[in-house]
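Report on the structure
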Amino acid sequence: SARARLHDQAVELERSNEELEQFAYVASHDLQEPLRKVASFCQALEQRYRGQLDDRADQYIQFAVDGAKRMQILITDLLAFSRVGRSDSAHERVDLSELAAEARSSLAQAFDEARATLVVSDLPVVRGDRALLVSVFANLIANAIKFRGPQAPVIRIEAHRDDGHWELSCTDNGIGIDPEYAERIFVIFQRLHSKESYPGTGIGLAMCRKIVEYHGGRIWLDTDHLDGTRIRFTLPTSKEIQP
């Protein structure tokens, strides 16, 4: 009887999660067109009437433009989040060292501006969705650059094999994360700092968690590491991949 109840609860939870993902996808997809119209007319007001009204009117228009732009970013991120795992693309053989390099290349401007350094050890070959796994590396690296301390960022990505899975880590020398926020940082749209201090929507680590779990792994904050931030995550090994 207990097993039956547990099974029913698992089925109901899965159904609820599917409905929530479907809602997030539909809502974010359908909201894009009206928001584009709002943003477009707000920008037209700003361009045509700036300086023709009083300073307060200019400020109000600027608030509307900024709000519309931020909402566009939030909706785009929510749509990307809801799409994780919905693609029918087959998993392929991917070299994680190549994916880390691809993520580094996509952040070239941020690296130059922050004078950041990325050190990547030998990473394994796994099976997975290439674009999604690149996104994990890009989000972790981007966070390491964004939340940097007074010194130039040094980011290290390492991996080792442990009991049937690969454990990877991304370590930086930045401002760090208080251990009490170890779970909160992986919740969608949760922020530890104001958007004025650090830009962004607060979806990056939530996206990483969803992608890693979609691949059969898990991700967490290493609370024992105190000099900066260390994020660890696992990915399954594959019998089809030769060492």
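So, here is what we can say about the structure in this document. Being a predicted model, the structure only gives us computed values, none of them experimental.

**Describing the packing of aromatic side chains**
The geometry of two aromatic rings is summed up by the distance between their centres and the angle between their planes. Applying the stated criterion across every chain, the model contains one aromatic pair. Between Phe137 and Phe233 the ring centres are 6.2 Å apart and the planes differ by 70 degrees, which places this aromatic pair in the edge-to-face class. On the criterion of sequence distance, the pair formed by Phe137 in helix H5 (residues 130-146) and Phe233 in strand E7 (residues 230-236) is long-range, its members being 96 residues apart. Overall, the relative accessible area of 3% leaves Phe137 in the buried class. For Phe233, a relative accessible area of 3% translates into the label buried. Of note, Arg104 hangs over the ring of Phe111, and the distance from its end group to the ring centre comes to 3.9 Å. Arg218 extends its terminal NZ or CZ atom over the ring of Trp220, reaching a point 3.9 Å from the ring centre.

**Some words on the nonpolar core**
Formed by 43 residues in total, the largest nonpolar core has its most connected members in Leu96, Leu133, Phe137, Leu140, Ile141, Leu168 and Phe233. Those elements giving two or more residues to this core turn out to be helix H3 (96-106), helix H4 (108-114), H5, strand E4 (154-162), strand E5 (165-171), helix H6 (204-214), strand E6 (219-221) and E7. With near-sequence residues (within four places) excluded, Leu96 lies in contact with Leu123, Pro124, Val126, Leu133, Phe137, Leu168 and Leu235.

**Regarding the packing of helix H2 (residues 55-83) against H6**
Direction vectors running N to C along H2 and H6 enclose 15 degrees, while the axes themselves pass 10 Å from each other. Considering the angle they form, H2 stands roughly parallel to H6. With respect to the hand of their crossing, H2 and H6 are arranged in left-handed fashion. Two secondary-structure elements touch here, H2 through Asp77, Ala80, Phe81 and Ser82 and H6 through Ala206, Met207 and Lys210. Residue composition of the contact of H2 with H6, grouped by class: four nonpolar, one polar and two charged.

**What to know about H5**
Taking 1.5 Å per residue as the helical rise, H5 with its 17 residues ought to reach 24 Å, and the 24 Å between its terminal C-alpha atoms agrees with that figure. Buried within H5 we find Leu132, Leu133, Val134, Val136, Phe137, Ala138, Leu140, Ile141, Ala144 and Ile145. By the N-cap criterion, in which a side-chain oxygen at the helix start approaches the backbone nitrogen of a residue two or three places on, H5 is capped by Asp129, the distance to Ala131 being 3.1 Å.

**A look at the environment of Val126**
Counting through the fold element by element, Val126 comes out in strand E3 (residues 125-128). Separated by 39 residues in sequence, Val126 and His165 place their C-alpha atoms 10.0 Å apart. Setting aside anything within four residues of it in sequence, one finds Val126 in contact with Glu92, Arg93, Val94, Leu96, Leu133, Trp166, Leu235 and Pro236.

**Some remarks on unusual backbone geometry**
Here Arg115, not a glycine, exhibits a phi torsion of approximately 55 degrees, which is positive. Checked against the element boundaries, Arg115 lands in the loop between H4 and strand E2 (117-120). Positioned with a positive phi, Asp163 is a non-glycine residue whose angle comes to about 50 degrees. Within the secondary structure layout, Asp163 lies in the loop between E4 and E5.

**Examining H3**
Burial in H3 covers these residues: Leu96, Leu99, Ala100 and Ala103. Each buried residue of H3 sits inside an arc of 100 degrees when the element is viewed along its axis, so together they form one side. With a side-chain oxygen lying 2.9 Å from the backbone nitrogen of Ser97, the N-terminal cap of H3 falls on Asp95.

**Topic: the pattern of salt bridges**
Under the counting rule described, the total for this entry stands at eight salt bridges. Between Arg130 and Glu102 there is a salt bridge, with its nearest N and O atoms 3.3 Å apart. Of this pair, Arg130 sits in helix H5 while Glu102 is found in helix H3, placing the two residues 28 residues apart along the sequence. Taking the relative accessible area as the measure of exposure, Arg130 reaches 27% and is therefore partly exposed. On the basis of relative accessible area, Glu102 is assigned to the partly exposed category, the value being 37%. Salt-bridge contacts for Asp222 lead to Arg230; the nearest nitrogen and oxygen are separated by 3.9 Å. When salt bridges with common partners are traced through the structure, they connect Glu167, Asp222, Arg230 and Arg232 into a single cluster.

What counts, and at which threshold
- Residues numbered from 1 in each chain as written.
- Predicted model: local features only at pLDDT ≥ 70, side-chain atom pairs only at ≥ 80, totals over all residues.
- Heavy atoms only, no water.
- Phe/Tyr/Trp six-rings, centres within 6.5 Å; stacked < 30°, edge-to-face > 60°.
- Helix = DSSP H or I, 4+ residues; strand = E, 2+ residues; numbered from the N terminus.
- Buried < 20%, exposed > 50% of the residue type's maximum accessible area, 1.4 Å probe, protein only.
- Lys NZ or Arg CZ within 6 Å of the ring centre and 35° of its normal.
- Core = buried A, V, L, I, M, F, W, Y, C linked by side-chain atoms within 4.5 Å.
- Contact = heavy atoms within 4.5 Å.
- Axes fitted to C-alpha atoms, helices over the stretch in contact; angles between N-to-C directions.
- Parallel < 35°, antiparallel > 145°, perpendicular 65-115°, else oblique.
- Left-handed = near helix turned anticlockwise from the far one by under 90°.
- Nonpolar A, V, L, I, M, F, W, Y, C, P; charged D, E, K, R; others polar.
- Expected span 1.5 Å × (residues − 1).
- Polar contact = N/O pair within 3.5 Å; in protein donor to acceptor, adjacent residues only side chain to side chain.
- Arc of directions from axis to C-beta.
- Salt bridge = Lys/Arg side-chain N within 4 Å of Asp/Glu carboxyl O.

Keep in mind these values describe shape, not function.
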